[in-house]
Amino acid sequence: MEKVFQLKKNGTNVRTEIVAGLTTFMTMAYIIALNPNLLTNFGAEGQELWNGVFLATCIASAIGTICMAFLANKPFAMAPGMGLNSFFAVVVANIVAITGATYLESFQTALVVIFVEGVVFIILSILNVREKIVEAIPLGVRLGIGPAIGLMLMNIGLGSNVSLYNTAFEGPFFALRDFFGALTASSAKEAMGDAYPAMVLSVITMFFGLFVIIALNHKKVKGSVLYGMLAASVLNWAGQAIFLGTNPFEKLVGASFVPPFADLAKTTLFKLNFAGVADIGWFTLITLVITFCIIDMFDTIGTLVGTASRAKMLDKDGNMPQMKEALLSDAIGTVVGSVTGTSTVTTFVESASGVEAGGRTGLTALTTGILFLLCMFIAPVAAVIPPAATSSALIYVGILMLANLKKIDFFAVKGPQEVYDSLGALVQGKEFHGGLTKMTSLRWVRSVPQAETLVVFAEKIDDFTPISSLVNLTYCRGWSMDGGSMATALGDLSFLAPCRKLRKLELPGSAYSNT
């Protein structure tokens, strides 16, 4: 272990790495069942396809994560990306509408898109193109990614991680929106119906787990995140049995522990439908490949940079060593996912929970990968982990990742604005790819002829931060140059004035007069 993962050099040991890997797995185990649900319309397209996607999810997640362990020696886990899987399902539905093919045939056609994307990414990773894109992202933007991930984790933990339905199939009901967002407890109870008691138990569970994690961490207990989730799980199971009168282990009754390999071979394993590509057209194929590439690239970059920053894995220039190998692992996972039967595989933001548990090397990723493989046999066991228990870890890790803000010099011109833009774009958009695309484009916007009419003369003409703020805010509004957008942009720009005197501001005529 020492020779392969360099544990002493990274200040860790085998026990810590294994606990970290288990912690990461528990926080992202939901993807095992959720991914096949999303890709098969919650089983409406047949149990055989659901079983095939389930096994593909386990296999692709395991292989991608294990590649990360041995190629990059990083504690990051992979799985089919949320958002990417929903988009994949939409693509499949559109192929059905366009070609009239069955859902399974269209599904296999869409897998060709994922396969081509993965091959393209392998080539770009080997040629260092993806690594150069990472290095081109401004340092201020990179410093803002970690806190942005923290806010997103808190939003997931408090917001969307716990979703409940009542017996009338009304919902989903979320903790942040429908419980804490209700005017009174009685109004929340009335809106949720018989789902209200389960919501109360979920809220108690997540905050009990959070309290345990904080208390154990204060006592410097290693593995506090994992122990907190386990304590919260026990509380939730007891609550279900005592107060809700339900069996928390009902999913284990009659569950099969034999992997449905026959369904995988019949539906998705090496079932790439190249003939179906001719029906949708090569232009559509190329467009979809480019779209998936852009989304996956910035999702992965955001997670790698943000999580590595929290683990102090970045060098003095803000770059992560072995970035090429990490990106290559991501590409390999995507190719494996396409030939087994699932959507794009990407690095999961929940990896931050394992990093917080002490994970610093590929042994953490190897542990998580092995658990994904075991899930082919013990999937029912993973299904009994209460989502509220994992929320405790997500909220706690999210709070800790905000600590990266202390690295920002808020009295300088260049740093704070880019960090602010990163936080705003990534969190408001609830995505990495859109926010990072906007942020990195600021450094290249001078190549756009129309942008040359926007000029700010500060003490140094090379200082591009004020103009980047202005262009960014209008860009986020679809390059709308009306008075309202410009006024909002200038309002944001005004806080820079005390830092550096702006002597002249030239704007397009109508927008200037409106402002």
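Computed from a predicted model, the values in this text were never measured in an experiment.

Draft legend 1. Inspection of the overall build of the protein chain at higher detail. Of the regular secondary structure elements, the protein chain holds 24 helices and six strands. Looking at the 515 residues of the protein chain, the share that counts as buried comes to 53%. Of the contacts made within the protein chain by residues no fewer than 6 positions apart, 78% connect residues no fewer than 24 positions apart. Accessible surface, the protein chain: about 22,000 Å² in total, of which carbon and sulfur atoms supply 66%.

Draft legend 2. Structural context of the nonpolar core. Counting residues in each nonpolar core, the largest one holds 103 residues, and the members touching the most others are Ile32, Phe76, Phe88, Phe107, Leu153 and Leu304. Once residues lying within four places of it in the same chain are set aside, the contact partners of leucine 153 are Val349, Ala352, Leu394, Val397, Gly398 and Met401. Membership of the second largest hydrophobic core comes to seven residues, among which are Ile66, Leu363, Ala365 and Leu366.

Draft legend 3. Fine view of the pattern of salt bridges. Per the counting criterion, the structure on display carries three salt bridges. For the salt bridge of glutamate 48 with lysine 266, the shortest nitrogen-to-oxygen distance reads 3.1 Å. One end of the pair, glutamate 48, is in helix H4 (residues 47-72); the other, lysine 266, is in helix H13 (residues 261-267), and 218 residues separate them in sequence. Residue aspartate 178 is joined to arginine 177 by a salt bridge in which the shortest nitrogen-to-oxygen separation is 3.0 Å.

Draft legend 4. Structural detail: the packing of aromatic side chains. What the rule picks out here adds up to 11 aromatic pairs. Centroid distance phenylalanine 5 to phenylalanine 70: 5.7 Å. Interplanar angle 35°. Geometry classified as tilted. A residue pair is termed long-range when its members are at least 10 positions apart, and phenylalanine 5 in helix H1 (residues 2-5) and phenylalanine 70 in helix H4 qualify at 65 residues. Judged by centre distance (4.9 Å) and plane angle (45°), the ring pair of phenylalanine 87 and phenylalanine 292 falls under tilted. Residue phenylalanine 87 is found in helix H5 (residues 84-99), and its partner phenylalanine 292 is found in helix H15 (residues 282-310); the two are separated by 205 residues along the sequence. On the basis of relative accessible area, phenylalanine 87 is assigned to the partly exposed category, the value being 27%.

Draft legend 5. Spotlight on unusual backbone geometry. Note that the residue after glycine 171, namely proline 172, is joined by a cis bond; omega there is 0°. Topologically, proline 172 is positioned in the loop between strand E2 (163-164) and strand E3 (173-174). A positive phi angle, near 70°, is found at asparagine 128, a position not held by glycine. On the secondary structure map, asparagine 128 appears in the loop between helix H6 (103-126) and helix H7 (129-136). The class for asparagine 128 is partly exposed, based on a relative accessible area of 27%. Backbone geometry places phenylalanine 169, a non-glycine residue, at a positive phi of 60°. Position of phenylalanine 169 relative to the elements: it lies in the loop between E2 and E3.

Draft legend 6. Quick peek at the packing of H4 against helix H18 (residues 362-383). In the contact formed by H4 and H18, the axes pass within 7 Å of each other and the chain directions differ by 165°. As the angle between them shows, H4 and H18 are arranged roughly antiparallel. When you trace H4 past H18, the crossing you get is left-handed. Two secondary-structure elements touch here, H4 through Phe54, Leu55, Cys58, Ile59, Ser61, Ala62, Thr65, Ile66, Ala69 and Phe70 and H18 through Gly362, Ala365, Leu366, Thr368, Gly369, Phe372, Leu373, Cys375, Met376 and Ala379.

Draft legend 7. Expanded view of the confidence of the model for the protein chain. In the predicted model, the protein chain carries a mean pLDDT of 79, and 78% of its residues have values of at least 70. Note on residues 441-515: pLDDT is under 50 here. Beyond four places in sequence and across chains, it has 105 contacts.

Draft legend 8. Local environment of the side chain of threonine 57. Tracing the sequence through the fold places threonine 57 in helix H4. Its relative accessible area of 0% is what places threonine 57 among the buried residues. A polar atom in the side chain of threonine 57 sits 2.7 Å from the backbone oxygen of valine 53. Excluding its chain neighbours within four sequence positions, the residues that come into contact with threonine 57 are Ile31, Ile32, Asn35, Pro36, Pro80 and Thr342.

Draft legend 9. Representation of the packing of helix H2 (residues 14-28) against helix H12 (residues 224-242). At a minimum axis distance of 9 Å, the contact between H2 and H12 shows a crossing angle of 45°. The pairing of H2 with H12 is recorded here as oblique in orientation. In this structure, H2 crosses over H12, and the sense of that crossing is left-handed. Contacts from Arg15, Val19, Leu22, Thr23, Met26 and Thr27 in H2 reach Val225, Leu226, Tyr227, Met229 and Leu230 in H12. The class makeup of the residues in the contact of H2 with H12 is eight nonpolar, two polar and one charged.

Draft legend 10. Quick peek at helix H19 (residues 387-401). The terminal C-alpha atoms of H19 lie 21 Å apart, and with 15 residues this matches the ideal 21 Å at 1.5 Å per residue to within 8%. Burial runs high along H19: 13 of the 15 residues are buried.

What counts and how
All residue numbers refer to positions counted from 1 along the written sequence of the respective chain. Reporting in this predicted model follows two pLDDT cut-offs: at least 70 for local features of residues, and 80 or more for side-chain atom pairs to be given and counted; totals over whole chains, interfaces and linings ignore these cut-offs and use all residues. Computation of side-chain values covers all heavy atoms of the structure but excludes hydrogens and water. A run of DSSP states H or I qualifies as a helix once it reaches four residues; a run of E qualifies as a strand once it reaches two. Both are numbered from the N-terminal end. Each residue is placed in one exposure class: buried if its accessible area under a 1.4 Å probe, protein chains only, is under 20% of its type's maximum, exposed if it is over 50%, and partly exposed if it falls in between. Any two residues whose heavy atoms approach within 4.5 Å are treated as being in contact. Working definition of accessibility: Shrake-Rupley area with a 1.4 Å probe, residue cover restricted to the visible protein chains. What is meant by a nonpolar core is a set of buried Ala, Val, Leu, Ile, Met, Phe, Trp, Tyr and Cys residues, joined one to another through side-chain atoms within 4.5 Å. In the sections that follow, a salt bridge refers to a side-chain nitrogen of Lys or Arg positioned within 4 Å of a carboxyl oxygen of Asp or Glu. Aromatic rings from Phe, Tyr and Trp, taking only the six-membered ring of Trp, are treated as a pair when their centres fall within 6.5 Å; an angle between ring planes under 30 degrees marks them as stacked, one over 60 as edge-to-face, and anything in between as tilted. Angular values range over 0 to 180 degrees, each being the angle between N-to-C directions of two axes fitted as lines to C-alpha atoms, with helices fitted over their stretch in contact. Any angle from 65 to 115 degrees is called roughly perpendicular, while one under 35 is roughly parallel, one over 145 is roughly antiparallel, and all others are oblique. In this scheme, a crossing is called left-handed if the near helix is turned counterclockwise away from the far one by less than a right angle; it is called right-handed if the turn is clockwise. pLDDT: the predictor's confidence for each residue, scored from 0 to 100. Throughout this description, a polar contact denotes any pair of N or O atoms lying within 3.5 Å of each other; where both atoms belong to protein, one of them has to be capable of donating a hydrogen while the other can accept it, and for residues adjacent in sequence the pair is counted only when both atoms sit in side chains. Just so you know the grouping, Ala, Val, Leu, Ile, Met, Phe, Trp, Tyr, Cys and Pro go in nonpolar, Asp, Glu, Lys and Arg go in charged, and all remaining residues, Gly too, go in polar. In this scheme, a helix's expected span is set at 1.5 Å multiplied by one less than its residue total.

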